[in-house]
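What follows is the residue order along each chain.
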Amino acid sequence: MNGNTWRIVFVAMLIAAAAMAAPREDIYWSEARGKGGELAYRERHTATFEGERILHSLTEYLSPEGELIATMESDYSLSVAMPTYLFEDLVRGSREGLRREGDDYVIFRQEPGKEEETKVLRETDSVFSCQGWHYFLVENLDLLAQSNLKLDLILPSELKAYTFQVEQV
């Protein structure tokens, strides 16, 4: 190969390596339906991955007519199981989530026209926030095959975590 051919091959290899290293974005949809089967809302999930690890997600909640009614933005950089996040209800004007303040996780909620309420989360073992439990289970399905799992899921509207049991059916 001459010098120009090597340059072309080298540039092609650099482009291929950069494409493989670039974060991947997956978009998927889900629906919530009432007891009678009527559409309550749709969710548009945009998840950004580096390799197989989730980095960030944005969930947009849409009314049956397609109007944006709520959003949830999550950051998984510190923990897949317990991402920090902000959920905003655009109809009611409320917001809630989990954030870091120094070394502490802080659960927060705020209703329209009221002061924000917060609580420092003292226990973080086996605690999950927002969609963190989903990504944890996807990465650890073998644990569920071995036995049922107990997960503490943060509910900012209550400023605490509740224990749920996940069972294989």
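For every chain, the first residue of the written sequence is number 1, and numbering continues from 1 onward in sequence order. Per-residue local features of the predicted model are confined to residues with pLDDT of at least 70, and side-chain atom pairs are confined, for both listing and counting, to 80 or more; whole-chain, interface and lining totals are unaffected and use all residues. Computation of side-chain values covers all heavy atoms of the structure but excludes hydrogens and water.

### Examining the overall build of the chain
Under the scheme used here, helices are H or I runs from DSSP no shorter than 4 residues and strands are E runs no shorter than 2 residues, and both carry numbers assigned from the N terminus. Scanning the chain from terminus to terminus reveals three helices and eleven strands. Under the scheme applied here, a residue whose accessible area is under 20% of the maximum for its type counts as buried, over 50% as exposed, and between as partly exposed, the area being computed with a 1.4 Å probe on protein chains only. Burial analysis of the chain (169 residues in total) assigns 33% to the buried set. Every accessible area reported is derived by Shrake-Rupley at a probe size of 1.4 Å, with residue values counting cover from the shown protein chains alone. As presented, the chain carries roughly 11,000 Å² of accessible surface, and 54% of it is formed by carbon and sulfur atoms.

### Focus: the nonpolar core
Here is a general trend for soluble globular proteins: nonpolar side chains tend to be buried in one another's company. Formed by 14 residues in total, the largest nonpolar core has its most connected members in M82, L98, I107, L121 and I154. Elements supplying a minimum of two residues to this core: β4 (68-75) and β7 (104-110). Broken down by element, this core gets its largest block of residues, three residues, from β4. With residues up to four places along the chain from it excluded, the contact list for I154 reads M82, Y85, L98, I107, L121, V127, F128, S129, K160 and A161. Among the buried residues, those of types Ala, Val, Leu, Ile, Met, Phe, Trp, Tyr and Cys that are joined through side-chain atoms within 4.5 Å form a nonpolar core. Residue contacts are counted whenever heavy atoms from the two residues lie within 4.5 Å of one another.

### Let's talk about the layout of surface pockets
It is the rolling of a water-molecule-sized probe over the atoms that shows where space remains empty. Of the voids in this model, the largest pocket is the one considered here, and its volume is about 320 Å³. Of the two site types, the cavity is a set of points on a 1 Å grid over the protein atoms alone where a 1.4 Å probe fits but cannot get out, and the pocket is an open set with protein on both sides within 12 Å along at least five of seven lines, each lined by residues with an atom within 4 Å of a point. C130, W133, L153, I154 and L155 are, among the 15 residues lining the largest pocket, the residues nearest its centre. Of all the secondary-structure elements, those providing two or more residues to the lining of the largest pocket are β5 (84-89), β10 (149-155) and β11 (160-166). It is β10 that provides the largest number of residues to the lining of the largest pocket, a total of four residues. In terms of residue class, the lining of the largest pocket is made up of 13 nonpolar, one polar and one charged. Grid points are joined across faces, edges and corners, and a volume is the space filled by probe spheres set on the points. Ten residue types, Ala, Val, Leu, Ile, Met, Phe, Trp, Tyr, Cys and Pro, are classed as nonpolar, four, Asp, Glu, Lys and Arg, as charged, and the remainder, Gly among them, as polar.

### Details of unusual backbone geometry
Positive phi values are uncommon outside glycine, yet C130 reaches one of about 30 degrees. Mapped onto the elements, C130 comes out in the loop between β9 (127-128) and α2 (132-139). Overall, the relative accessible area of 12% leaves C130 in the buried class. The phi torsion at L159 lies on the positive side, around 55 degrees, for a residue other than glycine.

### Quick look at the packing of aromatic side chains
Ring pairs are drawn from Phe, Tyr and Trp, using the six-membered ring of Trp, whenever the two centres fall within 6.5 Å, and their geometry is named by plane angle: stacked under 30 degrees, edge-to-face over 60, tilted for the rest. Enumeration according to the criterion identifies five aromatic pairs in this entry. Aromatic side chains Y41 and Y61 sit 5.8 Å apart centroid to centroid with 65 degrees between the ring planes, which places their arrangement in the edge-to-face category. You can see Y41 sitting in strand β2 (residues 39-50) and its partner Y61 sitting in strand β3 (residues 53-62), a full 20 residues away along the chain. With relative accessibility at 11%, the residue Y61 sits in the buried group.

### Focus: the confidence of the model for the chain
The pLDDT value expresses, per residue, how confident the predictor is, ranging between 0 and 100. The pLDDT averaged across the chain works out to 86; a share of 88% of its residues lies at or above 70. Looking over the chain, one finds the lowest element-wise mean pLDDT in helix α1 (residues 3-21), namely 53, and the highest in β4, namely 97.

### Structural notes on the pattern of salt bridges
Any carboxyl oxygen of Asp or Glu within 4 Å of a side-chain nitrogen of Lys or Arg constitutes a salt bridge here. Here the structure, examined in full by the defined rule, presents ten salt bridges. Ionic pairing is found between R24 and D26, a salt bridge with its closest N-O pair at 3.1 Å. Judged by relative accessible area, which is 32%, R24 ranks as partly exposed. Of the residues examined, D26 reaches a relative accessible area of 28% and is grouped as partly exposed. A salt bridge links E31 to R42; the shortest N-O distance between them is 3.6 Å. On the criterion of sequence distance, the pair formed by E31 in strand β1 (residues 24-33) and R42 in strand β2 is long-range, its members being eleven residues apart.

### Some words on the pairing of strand β6 (residues 94-101)
Summarising the sheet, β5 and β6 pair through five bridges and their orientation is antiparallel. Its bridge partner lying in β6, L86 is registered against G97. At least two DSSP bridges between two strands are required for those strands to pair. Where β5 hands over to β6, the hairpin turn is made up of four residues, of which G93 adopts a positive phi near 85 degrees. Relative to β7, β6 runs antiparallel, the two being bridged by seven bridges.

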